[in-house]
Structures are given as C-alpha cells and as structure tokens.
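Architecture and fold: a report
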Amino acid sequence: QAIILNNFSFHYALYIMMSWLPTFYEQKLGSSVGSNKLFKMMPYLIMGVFSNLGGVLADFLIASKADPTRTRKGINTAGFLSAVLSLWILPYCTDIATASIVGSWALGSLSFARGGYSINHMDIAPRYSGVLMGLSNTAGSLSGMIGPWLTGILLETSTDPWVDAFAYPSYVILLGVVVYLRFASAEQLFD
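All values reported here derive from a predicted model rather than from experimental measurement.

Position of serine 86 relative to the elements: it lies in helix H3 (residues 68-89). Exposure remark for serine 86: the relative accessible area of 0% places this residue in the buried category. Within polar-contact distance, the side chain of serine 86 engages the backbone oxygen of alanine 83 at 2.8 Å. Polar side-chain contacts of serine 86 include one of 3.4 Å to the backbone nitrogen of alanine 106. In contact with serine 86, not counting residues within four places along its chain, are Val102, Trp105 and Ala106.

Below is the structure:
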C-alpha cells in the first residue's frame, strides 16, 4: 500500500504540474503561450535527468552495502520533501525565469524520489513486480484524473487560487512520505 500511495502522490503532483503550470505561466506571470519556450520546457528536461539520478544513487548505495530499506526510504523522503518545499514557493514566483527554476526543482525532486518507491516493487516481489506495478500505475492514473479536475475547481473557487493549487499536491505528497516511512520495506515479501 505504501508503494501504491507514493505512486498516487507522485502522479498527483506531476499531473497538476503538467496540466496547470502553463496556465500559471500565462495567468499569474503574464507569459504568452509561444514565449519563453526554453524556460517553459526546462522543468520537464530536468525531470528526465533527476529520474535517472535517483535510481543511479539508490543502486550505488545498495551496491555499497547500504541497507536497501533505508536507501529507498531516504531517497523517497528527500525527493518528496524537496518537492513539497518547491510547491510551497512556486505560487510566489513573480517572473518566468524564477518560476521555471522552482518548477524544475519541483519536478526534479519528484522524479528523484522514484529511485525510492518506484523500483520497490522489484524488492518486495520480484516475480510479481509487473502485477504490483500495474496496480501502482492504476493508482497513479486515477490521481491524473482527480488532481487536475480538483485543481480546476480550486482555481475557480479559492480566495488564493495558485497557493491552493500547488499546496494541495504538497499535502498529498506529505501523506505519501509519512506512510512510506512507516510501512515501506525493501525486504522480499513474496517469491
């Protein structure tokens, strides 16, 4: 359940960023759709790099005889807490360059956390990891339907719409961190 919740948390924040960051750039920062293309694509490029860095670091630590459970929990927690901080800062950005840096920090941190929870399926059930990944990705897909829809409602009804739009995914991520720290393990549970 901890892995599934973390996949839900990751995708909840990811889909909100993918769905609403362009609108944030336009509505809050006044950046037209076709302008500042490099700044606008930077968060997604950073995401690709950091997704690999989290996995490489986890592999290195485990190969160096670090405890696998602590490694998974540490990488997940570091990435997710860093993402939370950046999501709290993002609505206060006043220009496209700063917002792009903070957005890159958010997506890079989220992706880094995947070196913790995302591969954990293989740790606990190597033979059934595909089934577990299917369940986990189903939860992630559900969050992709719920998060952007709920954010749209928040943006229409909130007194501080962009603060709420980025705060809500941070609360989901924090729940994921707490549950993962408490219940996750890298010990093989199934053959």
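A word on the layout of surface pockets. For the largest pocket, the calculated volume is near 250 Å³. Along the wall of the largest pocket there are 14 residues; nearest its centre are Gln1, Ala2, Ile3, Ile124 and Leu189. Contributions of two or more residues to the lining of the largest pocket are made by helix H1 (2-27), helix H5 (120-124), helix H6 (129-157) and helix H7 (161-183). A class-by-class count of the residues in the lining of the largest pocket yields 10 nonpolar, 4 polar and no charged.

Definitions and limits used
- Residues numbered from 1 in each chain as written.
- Predicted model: local features only at pLDDT ≥ 70, side-chain atom pairs only at ≥ 80, totals over all residues.
- Heavy atoms only, no water.
- Helix = DSSP H or I, 4+ residues; strand = E, 2+ residues; numbered from the N terminus.
- Buried < 20%, exposed > 50% of the residue type's maximum accessible area, 1.4 Å probe, protein only.
- Polar contact = N/O pair within 3.5 Å; in protein donor to acceptor, adjacent residues only side chain to side chain.
- Contact = heavy atoms within 4.5 Å.
- 1 Å grid on protein atoms, 1.4 Å probe; cavity = no way out; pocket = protein on both sides within 12 Å on 5 of 7 lines; lining within 4 Å.
- Points joined across faces, edges and corners; volume = space filled by probe spheres on them.
- Nonpolar A, V, L, I, M, F, W, Y, C, P; charged D, E, K, R; others polar.

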